[in-house]
Structure formats: structure tokens, C-alpha cells
Amino acid sequence: AQYAEFESFAEAELDFSPSASCHESDIVRSFRLFYPKYRASSSLIKDEDIERMMRKWGRFERTPAGYYKGIELKENVIKSVF
């Protein structure tokens, strides 16, 4: 169920762009804002679980510093996360 929710989130909130990059902490924060039931980091899902779903969903190259290459948050999401 959580993976299906992540897929819905990714479809609505992430954009593919060859020159883009996005840090996994920004994706975690955005996912939690997208689903209010997951807002608290101590809630029903751990950050590590969200990160694992991201790796499964996109298969994007991830740098050692935690950046995914080729993906970014949509513009409207960036404004609400930061």
C-alpha cells in the first residue's frame, strides 16, 4: 500500500530532467507533506522506507551525498517544501 502511495506521489510531484538533481531528504520531506498521515517522522513510515521506495521506483543514479540525478521536484512542490 505504501509503495502505491509513493508511486502516486512521484507521478504528481516529481519531474524527469536529464540535467536535474534532487536530494533524497527533499523527496522525503515532500512525500510527508503530500500525505498528512506521514507528516511526523515518527509516524507510520520511516525516512529509510521512503528512500528505499524512491530507489525502487526510479532506479536513478544516486551520488554518495544523497542526490538523485535526472529527477527534480516540480516547481509548485519546491515552494511548499522550502
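Residues numbered from 1 in each chain as written. Predicted model: local features only at pLDDT ≥ 70, side-chain atom pairs only at ≥ 80, totals over all residues. Heavy atoms only, no water.

Student: Quick rundown of the overall build of the chain? Include the residues and the values.
Tutor: Summing up its helical and strand segments, the chain has four helices and two strands in all. Its helices and strands taken in sequence order, the chain reads α-β-α-α-β-α from the N to the C terminus. In the chain, which comprises 82 residues, the share counted as buried stands at 40%. Partitioning the contacts of the chain with sequence separation of at least 6, the portion at a separation of at least 24 is 63%. (Helix = DSSP H or I, 4+ residues; strand = E, 2+ residues; numbered from the N terminus. Buried < 20%, exposed > 50% of the residue type's maximum accessible area, 1.4 Å probe, protein only. Contact = heavy atoms within 4.5 Å.)

Student: Any chance you could break down the packing of helix 1 (residues 2-13) against helix 3 (residues 47-58) for me, citing the residues and the numbers?
Tutor: Between two packed helices, both the angle of their axes relative to each other and the distance between the axes serve to describe the pair. For the pair helix 1 and helix 3, the least separation of the axes is 10 Å and the interaxial angle reads 65°. One way to sum up the angle between helix 1 and helix 3 is to call them roughly perpendicular. The hand of the helix 1/helix 3 crossing is right-handed. Across the interface between the two elements, Gln2, Tyr3, Phe6, Glu7 and Ala10 of helix 1 pack against Ile50, Met53, Met54, Lys56 and Trp57 of helix 3. Considered class by class, the residues forming the contact of helix 1 with helix 3 number seven nonpolar, one polar and two charged. (Axes fitted to C-alpha atoms, helices over the stretch in contact; angles between N-to-C directions. Parallel < 35°, antiparallel > 145°, perpendicular 65-115°, else oblique. Left-handed = near helix turned anticlockwise from the far one by under 90°. Nonpolar A, V, L, I, M, F, W, Y, C, P; charged D, E, K, R; others polar.)

Student: A description of the packing of aromatic side chains should follow, citing residues and the corresponding values.
Tutor: Scanning the entire structure with this criterion turns up 12 aromatic pairs. Seen from their ring centres, Phe31 and Tyr35 are 5.3 Å apart, and the 55° between their planes marks the pair as tilted. Neither residue differs from the other here; Phe31 and Tyr35 are each classed as buried. In textbook terms, an aromatic cluster arises when at least three aromatic residues are bridged by ring pairs, as seen for Phe6, Phe9, Phe16, Phe31, Phe34, Tyr35, Tyr38, Trp57 and Phe60. (Phe/Tyr/Trp six-rings, centres within 6.5 Å; stacked < 30°, edge-to-face > 60°.)

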